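Okay, here's what each chain looks like letter by letter:
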Amino acid sequence: MLINYLKIAIKVLLRHKLFTFISLFGISLTLLILIMVTSLLDHTFGSQPPELKLDRTLSITMGLLTSKDGGQSNGPVMSPYFLKKYVKSLKTPEVVSMSSFHNRVITYKNRTKFRLDIKYTDSEFFEILDFNFLEGNPYSLNDVSSRRNVIVINQNTREQYFDGEEAIGNTMEVEGEKFRVIGVVENCSILRIMPYADVWLPLTFSKTPLDEVTLIGGFPGWFAMMLATDESDIPAIKKEFQNQLALVEYPDDKWVEIKTAASTYAEAFSRNLRLSEEGNAKPLLIILFILMILFMLLPTINLVNINLSRIMERSSEIGVRKAFGASSLTLVGQFVVENVIITLIGGAIALILAIGILEIINSSSLIPYVNFSLNYRIFFNSLVICLFFGLFSGVYPAFKMSRLQPVDALRGESS
Amino acid sequence: MIRLSTIEKVYRTAKIETIALKDVNLHIKRGEFLSIMGPSGCGKSTMLNIMGLLDQPSQGVVEIDSEHVAKFSDRKLARLRNAMIGFVFQSYHLINDLSVVDNVEIPLLYRSMSGSSRRKLALEALDKVGLNARTRHFPSQLSGGQRQRVAIARAIVGSPQIILADEPTGNLDSVMGAEIMDILNKLNQEEQTTIVMVTHDEILASQTQRIIRLFDGSQVN
């Protein structure tokens, strides 16, 4: 019976090429968008190297300061002094790190110009993040405090700058100073904002005076990361930091209030989108969920309409099948099988398109060091949801038709 | 085999009420071949559809093989149609997307049966109607007479005890019509299949054992 259904389904699909195209276009576009969006989200926020401990990592990236006259300053404004005094001193995290955001510098070697994104970090930076060292090691606490001219570079910089030469032990000029390369790590995507750089240097080489007593400022912006020993310690860290905030001294007499929070990635992102003052990730997740449902709803409405007209014009077939022994339930089953087939074909098209598009994005240098991968779990989940809607959109019209008296169906009467 | 008692069928719309059948009483015996005649719109097809459980009467009792069908569920009615009744329609009602042999297999799809057994029975049925050379063709590739023979093969493939034929020769020329009548006669004589045929054709009706005449929804004989 299934083979018979399959034959009919394929014939019907081939007979109405426009309807089939619209159905398949709707299903595959929806799945494609879902796959692309989730791949992007996974690549940006998911736990992947070098951010493998995201589940127990908190960060302080943004702040909102209010002045006496009601003026506000917000963004990645927290000064190195603030981070050092009020964050590095926290007791509850296992490790605390502070580092700058990346900034672009130009350097030359044999009259060749190189554009490098550099980042000033402490040694704890490499404890929290799991960089894959292809060669050498990260710099130590001692290297940072005693201002040793050592740097870590990424794979791409090794290939471009050293061009086949040995990188480890070799020197490289950055911001007018010579540094010895002590480690080479795998490239990290620019979308991973906290670890990303081409070159990492000890923060003691930063041009920003780290000990200047001010709450905000410091080019190019600074942030802190905190690693909890266990995920369950996160609330305690947040609480300790909030207690710490209550003790903040306002040195320059300009600012009267500071608002910031130790947040997970999703919470920080949610706050940046102004979805939640407190950095609660729930509104972000709710919005993502609603968007996903809306994405799914469009092809469903489209499918219901197409199925209705498709099934209505097959009323004679329904009449024949009923006359020869098909029950209403069997007919509903037949149309559902047809819908499942078209959904699966749409899913296969989406999968092929997604693999192709992600490969094109990865191989182009549009986004530095990006490596989008297809999330099969997400693909599978999207397919299940699509199948559900496919079933839903098929069941209603089929149910409507299957309730007809066989004689009315044979006459082609749909009501 | 089939008993209709005080059957009435009324079609109601918001404005009008049309009586299609009025106080119809009929008993058809096993193995009988009878025809229903009457002018267009007199209720012949309605009567046939009620006998075949394709439509429900507004009043009255339908019995198939001594069973009252009024309270049967959709599934039980479907099973009864599948096991007992084969239909032949004037406009064939073949599924154009399926090949001849797949069309003939349709009644067997709703029985628990292997694919190979289905195929074997379908080919045997096509052989009986002389169409074994066209099993892979599609309905659109056949003449009217050939299509009706496919429809008959579909009607007999499940060995039903009753065949209900609604103007089976209505769309065919006299030669083709005679061929179809031969097949029906053979089925009735050799396999004792009960056949009820709606027709306008006095000559064809005269070949059957009994003629029921309808006028304005009522039996006149």
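Residues numbered from 1 in each chain as written. Chains lettered and ligands numbered in written order. Predicted model: local features only at pLDDT ≥ 70, side-chain atom pairs only at ≥ 80, totals over all residues. Heavy atoms only, no water.

A.B. asks: Is there a simple way to explain the overall build of chain B in this structure?
C.D. replies: Check the secondary structure of chain B and you find seven helices and ten strands. Seen along its three principal axes, the alpha-carbon backbone of chain B occupies a region of about 50 × 40 × 35 Å. Across the 221 residues of chain B, 54% fall into the buried class. For chain B, the share of sequence-separated contacts (at least 6 apart) that also reach a separation of at least 24 residues comes to 71%. If you sum the accessible surface of chain B, you get close to 9,900 Å²; carbon and sulfur atoms cover 48% of it. Where the 26 positive side-chain charges of chain B centre and where its 24 negative ones centre are 5 Å apart. (Helix = DSSP H or I, 4+ residues; strand = E, 2+ residues; numbered from the N terminus. Buried < 20%, exposed > 50% of the residue type's maximum accessible area, 1.4 Å probe, protein only. Contact = heavy atoms within 4.5 Å. Areas by Shrake-Rupley, 256 points an atom, 1.4 Å probe, with all protein chains shown as cover. Lys, Arg positive; Asp, Glu negative; His and termini not counted. Charge placed at Lys NZ, Arg CZ, Asp CG, Glu CD.)

A.B. asks: Sorry, what's going on with the environment of B:A122 here?
C.D. replies: All names here are of chain B. Locating A122 in the fold gives a position in helix α4 (residues 115-128). The sequence separation of A122 and N132 amounts to ten residues, and the corresponding C-alpha distance is 9.7 Å. Among all residues touching A122, those that are not within four sequence positions of it are V101, V104, E105 and V157.

A.B. asks: Help me understand the packing of aromatic side chains, please; the structure alone is not making it clear to me.
C.D. replies: Each aromatic ring pair is characterised by the separation of its centres together with the angle its planes make. Under the defined criterion, the tally for this structure stands at 14 aromatic pairs over all chains. Their ring planes at 85° and their centres at 5.3 Å tell us that A:F125 and A:F126 sit as a pair that is edge-to-face. Like A:F126, A:F125 is buried. Relative to A:Y139, the ring of A:F126 lies with its centre 5.1 Å away and its plane at 90°, an arrangement referred to as edge-to-face. In this pair, A:F126 is assigned in helix α4 (residues 125-128) and A:Y139 in the loop between β7 (133-136) and α5 (141-145), connecting sequence segments 13 residues apart. Judged by relative accessible area, A:Y139 falls into the buried class, the value being 2%. Members of the aromatic cluster, connected to one another through ring pairs, are A:F125, A:F126, A:F131, A:F133, A:Y139 and A:W200. Over the face of the ring belonging to A:F205 we find A:R147, whose NZ or CZ atom lies 4.3 Å from the ring centre. Here the guanidinium or amino end of B:K76 rests over the ring plane of B:F72, the centre of that ring lying 4.4 Å away. (Phe/Tyr/Trp six-rings, centres within 6.5 Å; stacked < 30°, edge-to-face > 60°. Lys NZ or Arg CZ within 6 Å of the ring centre and 35° of its normal.)

A.B. asks: Is there a simple way to explain the side chain of B:T135 in this structure?
C.D. replies: Its place among the elements puts B:T135 in the loop between α4 and α5 (144-156). We classify B:T135 as buried; its relative accessible area is 13%.

A.B. asks: What is the right way to read the pairing of strand β8 (residues 194-198) of chain B from this model?
C.D. replies: If a strand is regular, its side chains alternate between the two faces of the sheet. All names here are of chain B. With respect to burial, β8 is a largely interior element, five of its five residues being buried. The alternating pattern of β8 places T194, V196 and V198 and I195 and M197 on opposite faces, both of which are buried. Alignment of strand β3 (residues 33-37) against β8, held across four bridges, turns out to be parallel. Considered in β8, the bridge of L34 is made with V196. Taken together, the five bridges between strand β7 (residues 162-166) and β8 define a ladder with parallel strand orientation. Bridge assignment links I163 to a residue of β8, and that residue is I195. (Pairing = 2+ DSSP bridges.)

A.B. asks: What is the right way to read the domain arrangement of chain A from this model?
C.D. replies: It is common to give the size of an interface as the accessible area lost on bringing the parts into contact. All names here are of chain A. According to the domain assignment, chain A consists of domain 1 (2-47 + 284-411) and domain 2 (62-262). For domain 1 versus domain 2, the distance between C-alpha centres works out to 47 Å. Taken together, the contact between domain 1 and domain 2 spans eleven residues of the former and ten residues of the latter. A per-residue breakdown of the area domain 1 buries against domain 2 is headed by H43, P368 and Y369, which together make up 69% of the total. (Domains from an automatic or database assignment. Buried area = accessible area lost by both parts, 1.4 Å probe.)

A.B. asks: So what exactly am I meant to see when it comes to the sheet that holds strand β1 (residues 2-12) of chain B here?
C.D. replies: Hydrogen bonds between backbone atoms are what pair the strands of a sheet, whose relative direction is either parallel or antiparallel. Residue and element names in this part refer to chain B. Read from one edge of the open sheet, four strands run β2-β1-β4-β5, paired in antiparallel fashion. The two strands at the open ends of the sheet, each matched to only one other strand, are β2 (17-28) and β5 (67-68). Pairing of strand β4 (residues 59-64) with β5, which is carried by two bridges, proceeds in the antiparallel orientation. Counterpart to I64 in the pairing with β5 is E67. Of the strands in this sheet, β1, β2 and β4 are in contact with helix α1 (residues 44-51), which crosses β2 at around 55°. (Axes fitted to C-alpha atoms, helices over the stretch in contact; angles between N-to-C directions.)

A.B. asks: Explanation requested: the sheet that holds β8(B) in the structure shown.
C.D. replies: All names here are of chain B. Ordered in space as β6-β7-β8-β3-β9-β10, the six strands form an open sheet in which the pairing is mixed. Edge positions in the sheet fall to β6 (85-88) and β10 (218-219), since each has one partner strand and no second. In the packing of α5 onto the sheet, the strands contacted are β6 and β7, and the crossing angle to β6 comes to about 170°.

A.B. asks: Would you mind showing me how to read the interface of chain B and chain A here?
C.D. replies: The partner chain A presents 25 residues to the 28 residues of chain B that form the contact. When chain B packs against chain A, close to 2,400 Å² is buried across both sides, 57% of that on carbon and sulfur atoms. Of all the secondary-structure elements, those providing two or more residues to the side of chain B that touches chain A are α2 (74-84), β6, α3 (100-109), α4 and α5 of chain B. By residue number, the principal contributor to the side of chain B that touches chain A is α2(B), which donates five residues. For the side of chain B that touches chain A, the class distribution of residues is 14 nonpolar, five polar and nine charged. (Nonpolar A, V, L, I, M, F, W, Y, C, P; charged D, E, K, R; others polar.)

A.B. asks: Is there a simple way to think about the nonpolar core in this case?
C.D. replies: In this structure, A:F82, A:L83, A:V87, A:I153, A:M172, A:W200 and A:M226 are the most contacted members of the largest nonpolar core, which totals 68 residues. Among all residues touching A:V87, those that are not within four sequence positions of it are A:I60, A:F82, A:V96, A:A224, A:M226 and A:F241. Formed by 56 residues, the second largest nonpolar core is a distinct cluster that contains B:I28, B:I50, B:L164 and B:V198. (Core = buried A, V, L, I, M, F, W, Y, C linked by side-chain atoms within 4.5 Å.)

A.B. asks: Looking at this structure, I do not really get the pattern of salt bridges. What am I missing?
C.D. replies: All names here are of chain A. Counted by the stated rule, this structure contains 27 salt bridges over all chains. With a shortest N-O distance of 2.9 Å, E317 and R321 are connected by a salt bridge. Residue E317 and its partner R321 are both found in helix α10 (residues 315-323); the two are separated by four residues, about one turn of the helix. Linking D408 and R411 is a salt bridge whose minimum nitrogen-to-oxygen distance equals 3.1 Å. Taken together, the residues span about one helical turn, with D408 and R411 both in helix α13 (residues 406-411) at a distance of three residues. (Salt bridge = Lys/Arg side-chain N within 4 Å of Asp/Glu carboxyl O.)

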